[in-house]
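Coordinates in review
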Amino acid sequence: MSVTMAMPDLLGEAFERVQGEVDSAFDAFLPVPDDTRARLVEAMRYATIGGGKRVRPLLLVATAELYGVNRDAAINAGCAVEAIHAYSLIHDDLPCMDDDELRHGKPTLHRAFDEATAVLAGDCLHALAFDILTQPDTSTDPFTRAELVATLARASGHEGMAGGQMMDIVSEEQSYDLRQVTRLQQLKTGALLAASVEMGAVLGRVPPEGRTHLRAYARDIGLAFQIADDLLDVEGDEAKAGKALRKDEEQGKQTFVTLMGVEQARAQATMLVEQAGHHLGGHGEDARLLVELAHFIVKRDH
């Protein structure tokens, strides 16, 4: 199913546009060298071009546009976030982690290439993210570039995504309660979504005290996103998802669905999305794309 189906025209067009722009940017960032590094760069391109919904770049671009940021600069920053996301998926799919065979409907990178190339491709995408953020094309202001780097670094490491992944690994051996599952997902999934919104504001030179409502929006959609993922893992269609489902149940992991039940989890996700929209009320119609994106997060079927 196309991402652009079953959603309002504004959001469908926004996804289609950002997907094309991100693919074009990665194509430019990753020319294949005429030497034995070619396999590595081809693997990086395999992981970044032509796959994924691009929710994180769209969050960043839509936030940046609230403050009149140059779109090319926002796309660059969005590619940096997407490079981190792509590297995390490459490593998550490895046999030493989730050992998955499919991602975005095609073989995972270590299956399409090999494990060593997959590790290196992930490492290089991690490095590429910060390389992009330090380029003048992303921002001519060195203080803005430094804040972008700091924001993405915190969201990626042990205080963010990677820390959440460690909690997820340990969850196979421990029984987490709702508070612990919420904390896990705020780090593993929510941190990078929140960074996308924050970085859009950083590009817009919004002072930290002026970002409170954006952080509240990002916190709510981050949890809603993961609840929706947990629901899809239980009820989703593997053909649409393009990856294996129902693995959490097989591994005995506690999720929002196992702890709350399907109906309560769905109600909680809906409440979070409505709350997220209220946080943006001060922006009026200018925030319509971000509000619709929040609703898409819980209504998506893959």
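Residues numbered from 1 in each chain as written. Predicted model: local features only at pLDDT ≥ 70, side-chain atom pairs only at ≥ 80, totals over all residues. Heavy atoms only, no water.

1. Brief notes about the overall build of the protein
A count of helical and extended segments in the protein gives 15 helices and two strands. Relative to the 2.2 N^0.38 estimate, which gives 19 Å for 302 residues, the radius of gyration of the protein is 18 Å and therefore close to what a compact globule would have. The principal-axis extent of the C-alpha atoms belonging to the protein is close to 50 × 50 × 35 Å. Here the protein, with 302 residues, has 51% of them falling under the buried criterion. (Helix = DSSP H or I, 4+ residues; strand = E, 2+ residues; numbered from the N terminus. Rg over C-alpha atoms; globule rule 2.2 N^0.38 Å. Buried < 20%, exposed > 50% of the residue type's maximum accessible area, 1.4 Å probe, protein only.)

2. Details of the packing of helix 7 (residues 142-156) against helix 9 (residues 178-203)
Put simply, helix 7 and helix 9 touch, their axes get as near as 9 Å, and they point 170° apart. In terms of axis orientation, helix 7 runs roughly antiparallel to helix 9. Of helix 9, the residues touching helix 7 (which contributes T144, E147, L148, T151, L152, A155 and S156) are A191, L192, A195, E198, M199, V202 and L203. Looking at the contact of helix 7 with helix 9 residue by residue, the classes come out as nine nonpolar, three polar and two charged. (Axes fitted to C-alpha atoms, helices over the stretch in contact; angles between N-to-C directions. Parallel < 35°, antiparallel > 145°, perpendicular 65-115°, else oblique. Contact = heavy atoms within 4.5 Å. Nonpolar A, V, L, I, M, F, W, Y, C, P; charged D, E, K, R; others polar.)

3. Some words on the packing of aromatic side chains
Under the criterion given, the structure shown has two aromatic pairs. Seen from the ring of Y46, K106 lies directly overhead, with NZ or CZ sitting 3.9 Å from the centre. (Phe/Tyr/Trp six-rings, centres within 6.5 Å; stacked < 30°, edge-to-face > 60°. Lys NZ or Arg CZ within 6 Å of the ring centre and 35° of its normal.)

4. Observations concerning the confidence of the model for the protein
Of the residues in the protein, 91% have a pLDDT of 70 or more, and the chain-wide mean is 91. Below pLDDT 50 for its whole length, residues 1-7 participates in 13 contacts with residues either more than four positions away or in separate chains. (pLDDT = per-residue confidence, 0-100.)

5. Quick word on the state of the cysteines
Each disulfide consists of a covalent bond between the sulfur atoms of two cysteine residues. For the coordinates displayed, the defined rule picks out zero disulfides. A disulfide-free cysteine, C79 has its sulfur positioned 17 Å from the sulfur of C124, the nearest such atom. (Disulfide = S-S within 2.5 Å.)

6. Quick word on empty space enclosed by the protein
One pass over the structure, following the stated rule, counts one cavity of 30 Å³ or more. Roughly 200 Å³ of internal volume is contained in the largest cavity. Lining the largest cavity are 16 residues, and of these A47, L89, I90, R103 and H104 lie nearest its centre. Every element with two or more residues in the lining of the largest cavity is listed here: helix 2 (38-48), helix 4 (71-92) and strand 2 (106-107). It is helix 4 that contributes the most residues to the lining of the largest cavity, five residues altogether. Split by residue class, the lining of the largest cavity holds seven nonpolar, four polar and five charged. (1 Å grid on protein atoms, 1.4 Å probe; cavity = no way out; pocket = protein on both sides within 12 Å on 5 of 7 lines; lining within 4 Å. Points joined across faces, edges and corners; volume = space filled by probe spheres on them.)

7. Remarks on the pattern of salt bridges
With the rule as written, the count across this model stands at 20 salt bridges. Between R39 and D114 there is a salt bridge, with the nearest N and O atoms lying 2.8 Å from each other. In this pair, R39 sits in helix 2 while D114 sits in the loop between helix 5 (109-112) and helix 6 (115-133), placing the two residues 75 residues apart along the sequence. Overall, the relative accessible area of 38% leaves R39 in the partly exposed class. (Salt bridge = Lys/Arg side-chain N within 4 Å of Asp/Glu carboxyl O.)

8. A word on helix 4
Look at helix 4: 31 Å from first C-alpha to last across 22 residues, which is about the 32 Å you get at 1.5 Å a residue. When you tally the buried positions in helix 4, you get 21 out of 22 residues, the bulk of the element. N-cap assignment for helix 4: the residue whose side-chain oxygen lies 3.0 Å from the backbone N of D72 is N70. (Expected span 1.5 Å × (residues − 1). Polar contact = N/O pair within 3.5 Å; in protein donor to acceptor, adjacent residues only side chain to side chain.)

9. Some remarks on the packing of helix 4 against helix 6
Direction vectors running N to C along helix 4 and helix 6 enclose 160°, while the axes themselves pass 8 Å from each other. By the angle between their directions, the pair helix 4 and helix 6 is classed as roughly antiparallel. For the pair helix 4 and helix 6, the crossing hand works out as left-handed. On helix 6, the residues touching N76, A77, C79, A80, A83, I84, A86, Y87, I90 and H91 of helix 4 are A118, V119, A121, G122, D123, L125, H126, A129, F130, I132 and L133. Within the contact of helix 4 with helix 6, the residues separate by chemical class into 16 nonpolar, four polar and one charged. (Left-handed = near helix turned anticlockwise from the far one by under 90°.)

10. Section: a nonpolar patch on the surface
A cluster of nonpolar side chains, M97, M166 and I169, forms an exposed patch at the surface whose accessible area comes to about 240 Å². For M97, the location among the structural elements is in the loop between helix 4 and strand 1 (102-103). (Patch = residues over 30% accessible without salt bridge, like charges linked within 9 Å, V, L, I, M, F, W, Y side chains within 5 Å. Areas by Shrake-Rupley, 256 points an atom, 1.4 Å probe, with all protein chains shown as cover.)

11. A closer look at the layout of surface pockets
Its volume calculated, the second largest pocket comes out at about 490 Å³. Forming the boundary of the second largest pocket are 19 residues, of which Q186, G190, A191, A194 and A195 lie nearest the centre. The element contributing the most residues to the lining of the second largest pocket is helix 9, with eight residues. Looking at side-chain class alone, the lining of the second largest pocket contains eight nonpolar, five polar and six charged residues.

12. Description of helix 2
Three or more residues of helix 2 are buried, namely A38, V41, A43, M44 and T48. Check the buried side of helix 2 and you find it contacts helix 1 (9-29), helix 4, helix 5 and helix 6. Backbone geometry just downstream of helix 2 places G50 in the positive-phi region, at approximately 80°.

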